[in-house]
Amino acid sequence: MTVQTPAATSAPAAPAHVELAIGGMTCASCAARIEKKLNRMDGVEATVNYATEKARIFYDGDSTAVADLIATVEKTGYTAEEPAPPVREEDPPESGAPDDPALVSLRQRLVTATVLAVPVIAMAMVPALQFEYWQWLSLTLAAPVVTYAAWPFHRAAWTNARHGAATMDTLISVGTSAAFLWSLWALFFGTAGMPGMTHPFEFTIARSDGAGNIYLEAAAGVTAFILAGRYFEARSKRKAGAALKALMQLGAKDVTVIRGDGGEAVVPIAELRAGDRFLVRPGEKIATDGRVVEGSSAVDASMLTGESVPVEVGVGDGVTGATLNAGGRLVVEATRVGADTQLARMAKLVEDAQNGKAAAQRLADRISAVFVPVVIALALGTLGFWLGSGAGLTASFTAAVAVLIIACPCALGLATPTALMVGTGRGAQLGILIKGPEVLESTRKVDTIVLDKTGTVTTGRMTLLSVHTAQGVEEAEVLRLAGALEKASEHPIAQAVAAGAAAKTGTLPTPEDFANVPGLGVQGVVDGHAVLVGRTKLLGEWAMSLPAELERAKAAAEAAGRTAVAVAWDGEARAVLTVADAVKDTSAEAVRRLRALGLTPILLTGDNRAVAEAVAAEVGIERVIAEVMPEDKVGVVTSLQQEGRSVAMVGDGVNDAAALARADLGLAMGTGTDAAIEAGDLTLVRGDLLAAVDAIRLARRTLGTIKSNLFWAFAYNVGALPLAAAGLLNPMIAGAAMAFSSVFVVGNSLRLRGFKGAA
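What counts as what
- Residues numbered from 1 in each chain as written.
- Predicted model: local features only at pLDDT ≥ 70, side-chain atom pairs only at ≥ 80, totals over all residues.
- Heavy atoms only, no water.
- UniProt positions renumbered as here; feature names shortened; annotations may be inferred.
- Helix = DSSP H or I, 4+ residues; strand = E, 2+ residues; numbered from the N terminus.
- Buried < 20%, exposed > 50% of the residue type's maximum accessible area, 1.4 Å probe, protein only.
- Contact = heavy atoms within 4.5 Å.
- Areas by Shrake-Rupley, 256 points an atom, 1.4 Å probe, with all protein chains shown as cover.
- Pairing = 2+ DSSP bridges.
- Axes fitted to C-alpha atoms, helices over the stretch in contact; angles between N-to-C directions.
- Parallel < 35°, antiparallel > 145°, perpendicular 65-115°, else oblique.
- Left-handed = near helix turned anticlockwise from the far one by under 90°.
- Patch = residues over 30% accessible without salt bridge, like charges linked within 9 Å, V, L, I, M, F, W, Y side chains within 5 Å.
- Salt bridge = Lys/Arg side-chain N within 4 Å of Asp/Glu carboxyl O.
- Phe/Tyr/Trp six-rings, centres within 6.5 Å; stacked < 30°, edge-to-face > 60°.
- Arc of directions from axis to C-beta.
- Core = buried A, V, L, I, M, F, W, Y, C linked by side-chain atoms within 4.5 Å.

Under the annotation held in an unreviewed UniProt entry, the protein chain carries the name Heavy metal translocating P-type ATPase and is attributed to Streptomyces cremeus. Word for word, the UniProt comment on the protein chain under Subcellular location (unreviewed entry) is "Cell membrane". Check the Sequence similarities (unreviewed entry) section of the UniProt entry for the protein chain; it says "Belongs to the cation transport ATPase (P-type) (TC 3.A.3) family. Type IB subfamily."

Spelled out as structure tokens, the structure:
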């Protein structure tokens, strides 16, 4: 009987770990504030990610409970809860599945604001539409916009104010509220509510009491524009966790387990245990990591390892879960299941990489963090100064409101969304999807671009590249006989030969006899000829050898990292076929253009070094990092970053997902896996590297447009602030300046429609 000692029971526990889903964040400063509060707790180390809306927390489980962590977040003004454990979906969600409730609410507010704000703006800007009581209709339409639709801004501004902070929400809330409240005062206590009142634009700078002016169009318009930007941002953020979900869906759902009595039973993958033996038929996914105990086959592991050539496996060889059995029947003994599998560890890598990448601070929030309190202080100072100088309450308040109106962030709110919408719209036409404004800053900084080989620089599928024939042998005859025999095989290399032969010779004959020789090739009878196709060892078993010219062709192919397939019939070696993962036609030109953008290309692959160096030489890449596993790919990106480089990564496979998330800029080929696409920052729908060139150029241009928009949005308004504070700018002129800055911002953004992609 074993007795547990007191020392054993009192051993210090490892730090506990939890991830909390955070709600209510509206900008990166919210995440920083929550993180700061959590880290002030004893024994707590927290990282809050605004992009994924998660807090990753390590804490002392003896002194702190999860409820304490949640309470701290809630005291800071936000919500927190433990995310539901990931559940494997048996079927993909229907396209009509309901949206996230927060997104539905945001969409409802946007629709409300847009429908009601359009007539308010139209009546204010077009005097011909101003009928006798138009101002009261404007009030009726604008009131729901400023209250219901703008409520998220007011709530966030109040939360920020309680914690001594100011963001875009503060400026939006103060500006719209000031415009609306002044309009109420002018309607009920001034002259603006008189029947027949008109609202023409007056561009003269003169002292005015403002009692006849209303600014409902400013309040309603700002709300609608900002809500539009928030809505499109929220839609892109919904996919924050989709990379992990895609990884989970990659594995097999069911597995055929072999019982002790030799019987077979299909069970859910969750019921599989280490030590169980299971059957994998041709074309099926291998359920989990294990060791082959019966059979031999070719396994396509390119989704996980990047190895373009299928791997031959036999008894005693290890196999990885989620890879594809491309050949014969296998019986596998499970060695690792659940969270211990390579697929699960890759999912963890993606999650760690996403949580470790700090969200880029919004440019507008950076500026408004200083600008907002300065404007509010200036407005209060203006009010106090004019009251002290005896100008009267109405004139003093008019000057103060003019300060707030001129600083109201209409153009500021349009600066990012309009440029992003036009830029992303043009990008979609060119096969480029930009996930959000956070991505753009990285494109300006990157100086190194890491290119995955398989599926990115190359096509990602085996292709028949060349045929070398012996003296007096016709190429068409080689392709006809070899292609006919290979067509009957399920091996990916055989399928490449068959496809290449069919493309060049047309319809292939049907073999009269066929047999697969595991690990060596195929043999059979075609049109009365005894044909062998496969490794030279297969020919050797029939006492045949390659003549000197074919031996040289085989050696040259293998030196270039390609696969050489020998062909013989009627007792003689007749040809050598060269098969490889072909380089895409556009890759070399794309590498040249990437260099022209100031980027240093690096080829990164799980394939063998000979193949990688051959591909690199063909496209003009000098540095090659080959034979790396998924964990190593993340490490390579990290080590390049530690050298002081800003790294972009282009990839398409599940094996690239973690590295795409870790890179400063991830570009995912849209022809690749969902996991890679969701882990990347930019998606390249076209599937060639020229799209990567266009993506970086377009993203840099879009970022430049956003920056120029922000500059002019502030320049117009800030330039008029002294005039407003001096009482020389009535609020109507302030509204006109604001409208003009908005027109400029939209026009500047529309210039992105003329962006030209690579020819």
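A. Highlighting the overall build of the protein chain. Within the protein chain one finds 27 helices and 26 strands. Put simply, the protein chain has 759 residues, and 51% of those count as buried. Look at the contacts in the protein chain between residues 6 or more apart in sequence, and 70% of them connect residues 24 or more apart. Roughly 32,500 Å² of accessible area belongs to the protein chain as shown, and the carbon and sulfur atoms make up 57% of that amount.

B. The sheet that holds strand β11 (residues 318-319), seen in detail. With antiparallel pairing, six strands are arranged side by side in an open sheet as β6-β5-β7-β13-β8-β11. Of all strands in the sheet, those with a lone pairing partner are β6 (264-268) and β11, marking the two edges. Across two bridges, the pairing between strand β8 (residues 289-294) and β11 is antiparallel. Bridged to Arg-291 within β11 is Gly-318.

C. Here's a closer look at the packing of helix α4 (residues 101-125) against helix α5 (residues 134-149). With their axes 9 Å apart at the nearest point, α4 and α5 run at an angle of 155° to one another. Between α4 and α5, the angle is such that the two are roughly antiparallel. Crossing geometry of α4 relative to α5 is assigned as left-handed. Contacts between α4 and α5 involve Gln-108, Arg-109, Thr-112, Ala-113, Leu-116, Ala-117, Pro-119, Val-120, Met-123 and Ala-124 from the former and Trp-134, Leu-137, Ser-138, Leu-141, Ala-142, Pro-144, Val-145, Tyr-148 and Ala-149 from the latter.

D. Just a nonpolar patch on the surface, in detail. Together, Met-125, Val-126 and Leu-129 make up a nonpolar patch on the protein surface, roughly 210 Å² of accessible area in all. Structurally, the position occupied by Leu-129 is in the loop between α4 and α5.

E. Representation of the packing of aromatic side chains. All told, the structure shown has four aromatic pairs when counted by the stated rule. A ring pair is formed by Phe-385 and Trp-386, whose centres lie 5.1 Å apart and whose planes are at 80°; its orientation type is edge-to-face. What makes Trp-386 buried here is its relative accessible area of 14%.

F. Geometry of helix α21 (residues 587-596). By the burial criterion, the buried members of α21 are Ser-587, Ala-590, Val-591 and Leu-594. For α21, the angular spread of the buried residues around the axis is 100°, confining them to a single face. Positive backbone phi, approximately 90°, marks Gly-598, located one or two places after α21.

G. Here's a closer look at the UniProt feature "transmembrane region" (unreviewed entry) in the protein chain. Look at the UniProt record and you will see "transmembrane region" (unreviewed entry) annotated at residues 110-127, 133-151, 171-194, 214-232, 367-387, 393-416, 710-726 and 732-750. Between the C-alpha atoms that bound residues 133-151 the distance is 27 Å, and the span itself is 89% helix and 0% strand. Taken as a whole, residues 171-194 contains 75% helix and 0% strand, while its terminal C-alpha atoms sit 31 Å from one another.

H. Structural detail: unusual backbone geometry. Its identity is not glycine, yet Asp-570 carries a phi of approximately 50°, on the positive side. Considering the arrangement of structural elements, one finds Asp-570 in the loop between β20 (563-569) and β21 (572-583). Residue classification places Asp-570 among the partly exposed positions, given a relative accessible area of 40%. Here the phi dihedral of Glu-627 falls at roughly 55°; this positive angle occurs in a residue that is not glycine. Glu-627 sits in the exposed class, given a relative accessible area of 51%.

I. Summary view of the environment of Glu-474. Looking at the element boundaries, Glu-474 is found in the loop between β16 (458-469) and α17 (475-487). Here the alpha-carbon distance between Glu-474 and Arg-574, two residues 100 residues apart in the chain, equals 9.3 Å.

J. Seen up close, the nonpolar core. Within the largest apolar cluster, 47 residues are counted, with the highest numbers of intra-cluster contacts made by Leu-451, Leu-603, Val-650 and Leu-667. Broken down by element, this core gets its largest block of residues, 12 residues, from helix α26 (residues 689-725). Ignoring anything within four residues of it in the chain, the contact list for Val-650 reads Ile-449, Val-450, Leu-451, Asp-452, Thr-456, Leu-660, Leu-667, Met-669, Leu-684, Leu-689 and Ala-692. Counting residues in each nonpolar core, the second largest holds 40 residues, with Ala-482, Ala-484, Val-522 and Ala-564 among its members.

K. How the structure looks around the packing of α5 against helix α6 (residues 151-162). Contact pair α5 / α6: the axes reach a minimum separation of 5 Å and the direction vectors enclose 45°. Regarding the angle of α5 to α6, the classification is oblique. In this structure, α5 uses Val-146, Thr-147, Tyr-148 and Ala-149 to contact α6, whose residues at the interface are Trp-151, Pro-152 and His-154.

L. Looking closely at the environment of Leu-465. Among the structural elements, Leu-465 can be located in strand β16. In this structure, the C-alpha to C-alpha distance between Leu-465 and Ala-496, residues 31 residues apart in sequence, is 9.5 Å. If we skip the residues at most four places from it in the chain, Leu-465 touches Arg-562, Thr-578, Ala-580 and Ala-582.

M. Quick look at the sheet that holds β20. Strands sit in the order β16-β21-β20-β19-β18-β17 across an open sheet of six strands; the sheet is antiparallel. Taken across any chain shown, the strands that pair with only one partner, and hence form the sheet edges, are β16 and β17 (513-517). Taking each pair of neighbouring strands and ignoring which way they run, the sheet shows an average axis angle of 20°. As paired strands, strand β19 (residues 529-534) and β20 are joined by four bridges and run antiparallel to one another. Of the residues in β20, the one forming a bridge with Val-533 is Val-567. Those strands touched by helix α18 (residues 492-505) are β16, β20 and β21, and its axis lies near 65° from that of β16.

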